[in-house]
Amino acid sequence: MIFRRQYDNSLYPLSAFSLNDIPQHISRAMSETARLYGAAIRGGVAFALLIGNYYHVLKDLDMIVSTNNYDSIACMLSCVADDVYLNRNYIDEPVITAFWRNHDRFYKLDVLITDNLPKTSIIYSQPFSEGVKTVSAGYLLINKLEKIAEKFSRRHTDKKTLHHYLVAKSLAEFMLQSEIRLDKCEMRKVDTVRTDVSTVLEKLSEGYNDIDASKFNGLLSDLTEQNVNKLLVCQLRNYGDIIRTFPIIDAIKHRNPNVFIGYVCFEDMCNVAELDCNIDAIHTVERLFPVKDSVDNTRLLDISCLEKTISRIKDRQYDVYIDFHGVFQSALIGMLCEIPRRISRSRQTTEDGAHLFYTEFAVVLEREINRMERHMRVAKTVFPSLEPPHITVLETNDVLVCPGSSKKGFLKRWPVERYRQLIELVVKNFDRHVTILLGPDEVELVACFEDLSNTEVILTESWAEICRLIRRAAVVIGSDSAYIHIAVWVGKYAVPIIGPSSPVINGVWGYGPGVTVCANVCVCKDMWQGVCDRNHICMKSILVEDVYNMVCSYWRAEHGENKE
């Protein structure tokens, strides 16, 4: 009998069974549905067949088929089943549900009717006839992940979600052992639900010891990580911004030592990009400028200056382009080079319509996020299990102070007299040698520190020398500048003193040691124009004791020294 309505669960209590228990008349009906209409087995039966577990406990049977065969299948099943219902599922898709009586309980078969048939795998095993198909392991895994993610909207019990988790975990392990990989579409689906899945499992793990949300997330990361042979990274300008891509490049190389990493930047940034030995090739590009002589805005930009660079990059045949910069020119380069995968941030945090050139996006909606953390989030789109490698830090007691900044960013400097007071306290109370590091934009500061005892003032424009000095130090203190970002990169205890710029964006990130000292008074809108209408209150509000206490905290923790 066929009913055109939802069935009443209470009228059809279900039998628990395994593959070996499926009655022959039901397996024949499923085989005929597969043979005549191209239906595929899905759900728990597909899981048991795919991993070869004939004792896996099942509660129902599931198939999926094209919408073209809706009436024919319903008619066929009505001839062999006790009751057939034409109903709809949770997301309003049509389903044919057939029931067979088994004493005081029932076997249930759900046939999902869809326009989007998934990939399938042919199986050769009982109790079904030869050539019957199941959905792919990837499809089944995503289906379980979606059910976990939608636990609350579907109103699933904790026990039911636990079952979905255990099935998904077994599937993920099976796929890794069998070297079955997800395709790009499946990877995107996993990434879409991953955060919600983690949230549900973290909550559920409080009551179930069987759930290890962190380990499960690692399995998903291993499944979604693609083989990348050649990677091109882009950060066009700013010494500090380029340096803050290095921890991510190092992490990629550490996890994937055979990947070839190229780097795109402006020519005057090349000497900084050369600091990271994990960069295999540097491609320099010229800055693009608007066309001056334009008629009715028909000529907006001349990109002919990129021709040689684009040609050289094309010759490398990069697989993936990660654009950390996220502006029009950086995005344009990846597209012109015809790199198949081009990745950056969401449109909310890129500029100039750059998002129009990308093929994939990392979800980065907030602008107030640490710059290195933001880069890590973007890189995880390609390398989901990416983590910064452990850094072996040279044991030393030296203190390095970097009181300057570029001339353009002079508002980021803490007052010189406070640096002097801080240095005197460190020398007196800790008996440490202090090196004061200055660059070519800070020549006028040399005379401010030359008279201090047990100190050395070094003025250099050599990036190699700058890196050597920073690596030699135990503690690096300074303004929001490239030097502090190098200290964070190489794993030093960094104490950035930040006023007019954002301490969240420019301070120490969660993976590195150190602490950010900031005023939280204001953020200058016109900082790069050298304009401050509040008498530099942000930097003046940071006291010598504030910074000195951070140095004391370091030595208490590392050496057991306690100086007040």
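Look up a bit, the structure's there.
A brief structural summary.

Rules behind the numbers
- Residues numbered from 1 in each chain as written.
- Predicted model: local features only at pLDDT ≥ 70, side-chain atom pairs only at ≥ 80, totals over all residues.
- Heavy atoms only, no water.
- Salt bridge = Lys/Arg side-chain N within 4 Å of Asp/Glu carboxyl O.
- Helix = DSSP H or I, 4+ residues; strand = E, 2+ residues; numbered from the N terminus.
- Buried < 20%, exposed > 50% of the residue type's maximum accessible area, 1.4 Å probe, protein only.
- Pairing = 2+ DSSP bridges.
- Contact = heavy atoms within 4.5 Å.
- Axes fitted to C-alpha atoms, helices over the stretch in contact; angles between N-to-C directions.
- Parallel < 35°, antiparallel > 145°, perpendicular 65-115°, else oblique.
- Nonpolar A, V, L, I, M, F, W, Y, C, P; charged D, E, K, R; others polar.
- Lys, Arg positive; Asp, Glu negative; His and termini not counted.
- Expected span 1.5 Å × (residues − 1).
- Core = buried A, V, L, I, M, F, W, Y, C linked by side-chain atoms within 4.5 Å.
- Disulfide = S-S within 2.5 Å.

### Overview of the pattern of salt bridges
Here is step 1: Going through the model one piece at a time under the given rule, you end up with 24 salt bridges.
Here is step 2: In this structure, the salt-bridge partner of Glu186 is Lys119, at a minimum N-O distance of 3.9 Å. You can see Glu186 sitting in helix 7 (residues 184–204) and its partner Lys119 sitting in the loop between strand 6 (105–114) and strand 7 (120–122), a full 67 residues away along the chain.
Here is step 3: Its relative accessible area of 8% is what places Glu186 among the buried residues.
Here is step 4: Residue Lys119 is classed as partly exposed on the basis of its relative accessible area of 44%.
Here is step 5: For the salt bridge of Arg244 with Asp241, the shortest nitrogen-to-oxygen distance reads 2.7 Å.
Here is step 6: A relative accessible area of 15% places Asp241 in the buried class.
Here is step 7: The network of salt bridges with common partners includes Asp60, Lys108 and Asp110.

### Some remarks on the sheet that holds strand 5 (residues 94–102)
Here is step 1: Across the sheet, 8 strands lie side by side as 1-4-5-6-3-2-8-7; this open sheet has mixed pairing. Unpaired on one side and paired on the other, strand 1 (2–3) and strand 7 mark the two borders of the sheet.
Here is step 2: Two elements, strand 2 (residues 40–42) and strand 3 (residues 61–66), share 3 bridges in a ladder whose sense is antiparallel. Bridge pairing links Ile41 to Met63 in strand 3.
Here is step 3: Sitting on the sheet, helix 3 (residues 70–80) touches strand 1, strand 3, strand 4 (83–88), strand 5 and strand 6, and the angle it makes with strand 5 is about 5 degrees.
Here is step 4: The strands touched by helix 4 (residues 137–149) within the sheet are strand 2, strand 3 and strand 8 (133–135), with strand 8 carrying the most contacts at an inclination of about 40 degrees.

### Let's talk about the packing of helix 7 against helix 8 (residues 213–224)
Here is step 1: At a minimum axis distance of 10 Å, the contact between helix 7 and helix 8 shows a crossing angle of 175 degrees. With respect to each other, helix 7 and helix 8 are oriented roughly antiparallel. Judged by residue contacts, Met187, Val190, Arg194, Val197, Ser198, Leu201 and Glu202 of helix 7 engage Ala213, Phe216, Asn217, Leu220, Ser221, Leu223 and Thr224 from helix 8.
Here is step 2: Of the residues belonging to the contact of helix 7 with helix 8, the class tally is 8 nonpolar, 4 polar and 2 charged.

### Points about the side chain of Arg418
Here is step 1: Tracing the backbone through its elements, the reader meets Arg418 in helix 15 (residues 416–430).
Here is step 2: No salt bridge is formed by the buried Arg418; the nearest opposite charge belongs to Glu417, separated by 5.2 Å.
Here is step 3: In this structure Arg418 touches Met539, Lys540, Ser541, Ile542, Leu543 and Val544, once residues within four positions along its chain are discounted.

### Things to note about helix 4
Here is step 1: Taking 1.5 Å of rise per residue, the 13 residues of helix 4 would be expected to cover 18 Å, and the 18 Å separating its terminal C-alpha atoms lies within 8% of that figure.
Here is step 2: By the criterion of burial, helix 4 is predominantly enclosed, with 11 of the 13 residues buried.
Here is step 3: Taken together, the buried positions of helix 4 are Ala137, Gly138, Leu140, Leu141, Ile142, Asn143, Lys144, Leu145, Lys147, Ile148 and Ala149.

### Some details on the nonpolar core
Here is step 1: Judged by nonpolar contacts, the single largest core of 77 residues is most densely connected at Leu231, Ile470 and Ile486.
Here is step 2: The element best represented in this core is helix 18 (residues 482–489), accounting for 7 residues.
Here is step 3: Setting aside chain neighbours within four positions, we find Ile470 in contact with Leu400, Leu437, Val476, Tyr483, Ile486, Ala487, Val490 and Lys492.
Here is step 4: Ranked by size, the runner-up nonpolar core spans 71 residues in total, among them Ala40, Ile41, Val84 and Val111.

### Brief notes about the state of the cysteines
Here is step 1: Overall, the coordinates contain 0 disulfides when judged by the stated rule.
Here is step 2: Between Cys79, a cysteine without a disulfide, and Cys75, which holds the nearest cysteine sulfur, the sulfur-to-sulfur distance is 5.0 Å.
Here is step 3: Left unpaired, Cys518 is separated from the closest cysteine sulfur, that of Cys538, by 11 Å.
Here is step 4: Cys518 gets classed as partly exposed once you look at its relative accessible area, which sits at 28%.

### Quick look at the pairing of strand 5
Here is step 1: Counting buried positions along strand 5 gives 7 out of 9 residues, so the element sits mostly inside the fold.
Here is step 2: Bridge count for strand 4 against strand 5 is 6 bridges, and the pairing is antiparallel. Of the residues in strand 5, the one forming a bridge with Arg88 is Pro94.
Here is step 3: Between strand 4 and the antiparallel strand that follows it, strand 5, lie 5 residues; Asp92 among them carries a positive phi value of about 70 degrees.
Here is step 4: Bridge count between strand 5 and strand 6: 8 bridges; the pairing is antiparallel. For Ala98, the partnering residue across the bridge sits in strand 6 and is Leu109.
Here is step 5: Between strand 5 and the antiparallel strand that follows it, strand 6, lie 2 residues; His103 among them carries a positive phi value of about 60 degrees.

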